[in-house]
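Architecture at a glance
What follows is the residue order along each chain.
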Amino acid sequence: MTPFEPYQSEDLLNRLKQGDKQAYEKIYFTFSKELLYAAYKKTGDRVIAEELVQNIFISLWEKRQDLKINNLQAYLFGALKLSLINHIRSLVMENRYMEYQTLTYSENHQDTANLIDLHDLTSIIEESINSLPEKTQEVFRLSRYKHQSTKDIAAGLNITEKAVEYHITRSIKRIKEYIKNFYTFL
């Protein structure tokens, strides 16, 4: 990675804030490989690393007008660190849920309360999926319920694989927020 001179970085950030796609691409091509390498080192999974880095750049573009960045490299690697922390946190929650589900199903004496809790959680998840935009719901259901690959979904819906990944990422994020908000409310 070639670090920018301070005046170049400032110029790129100003152009980015104005919606200059060339400035965005320059930032992307300058930092994406190193971010991807760092994410892969931490996750050990290329797909997850790509998803984390992709989300950082999506966020950079979407929030470009509101961002106050002094050091672009520090900002991007800080964003990666937060993404990794959130990813690990979601894995922990997913593992806890899987353990809970395994315990619930493996016990011969499943009591009514456990069945009600599982039913409630399933209902909450389904409700959160139904709140998603139609295309995002469709992609999510094909991915998670019908176990189709990103490539197959993209071909079947005539969209890019990146669009499929975007829909899956957005739906998982929205479902997690929905569940978190529901249990916080309780």
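The rules behind the values
- Residues numbered from 1 in each chain as written.
- Predicted model: local features only at pLDDT ≥ 70, side-chain atom pairs only at ≥ 80, totals over all residues.
- Heavy atoms only, no water.
- UniProt positions renumbered as here; feature names shortened; annotations may be inferred.
- Helix = DSSP H or I, 4+ residues; strand = E, 2+ residues; numbered from the N terminus.
- Contact = heavy atoms within 4.5 Å.
- Polar contact = N/O pair within 3.5 Å; in protein donor to acceptor, adjacent residues only side chain to side chain.
- Phe/Tyr/Trp six-rings, centres within 6.5 Å; stacked < 30°, edge-to-face > 60°.
- Bend = angle between axes of the 7 residues up to and from the residue.
- Buried < 20%, exposed > 50% of the residue type's maximum accessible area, 1.4 Å probe, protein only.
- Salt bridge = Lys/Arg side-chain N within 4 Å of Asp/Glu carboxyl O.

Going by what an unreviewed UniProt entry lists, the chain is known as RNA polymerase sigma-70 factor and is assigned to Pedobacter zeae. According to the UniProt record, the Sequence similarities (unreviewed entry) comment for the chain is "Belongs to the sigma-70 factor family. ECF subfamily."

**Looking at the environment of R64**
Relative to the elements of secondary structure, R64 occurs in the loop between α3 (46-62) and α4 (72-106). Taking the C-alpha atoms as reference points, R64 and L16, 48 residues apart in sequence, are found 6.5 Å from one another. Apart from residues no more than four positions distant in its own chain, R64 is found in contact with L16, K17 and G19. A distance of 2.6 Å separates the side chain of R64 from the backbone oxygen of W61, its partner in a polar contact.

**With respect to the packing of aromatic side chains**
Evaluated as defined, the whole model comprises 5 aromatic pairs. Linked through ring pairs, Y24, Y28, F29, F57 and W61 together constitute an aromatic cluster.

**Overview of helix α2 (residues 21-43)**
A bend of about 40 degrees at F31 is the largest found in α2. Every buried residue of α2 is listed here: A23, Y24, I27, T30, F31, S32, L35 and A39. Sitting at the head of α2, D20 places a side-chain oxygen 2.8 Å from the backbone nitrogen of Q22. After α2 finishes, the residue G44 shows a positive phi value of roughly 70 degrees.

**Structural notes on the side chain of S143**
Mapped onto the elements of the fold, S143 is located in helix α6 (residues 134-144). Here the side chain of S143 touches R144 through a polar contact of 2.6 Å, side chain to side chain. Not counting residues up to four positions away in its chain, the partners in contact with S143 are Q148, I153 and I168.

**Observations regarding the pattern of salt bridges**
Scanning all chains against the criterion turns up 6 salt bridges. When the shortest N-O distance is used, the salt bridge between R15 and D11 registers 3.5 Å. Here D11 and R15 lie together in helix α1 (residues 6-17), a separation of 4 residues that amounts to about one turn. Residue classification places R15 among the partly exposed residues on the basis of a relative accessible area of 26%. E126 serves as the salt-bridge partner of R141, at 2.9 Å between the closest nitrogen and oxygen. Residue R141 is located in helix α6, and its partner E126 is located in helix α5 (residues 112-130); the two are separated by 15 residues in the primary sequence.

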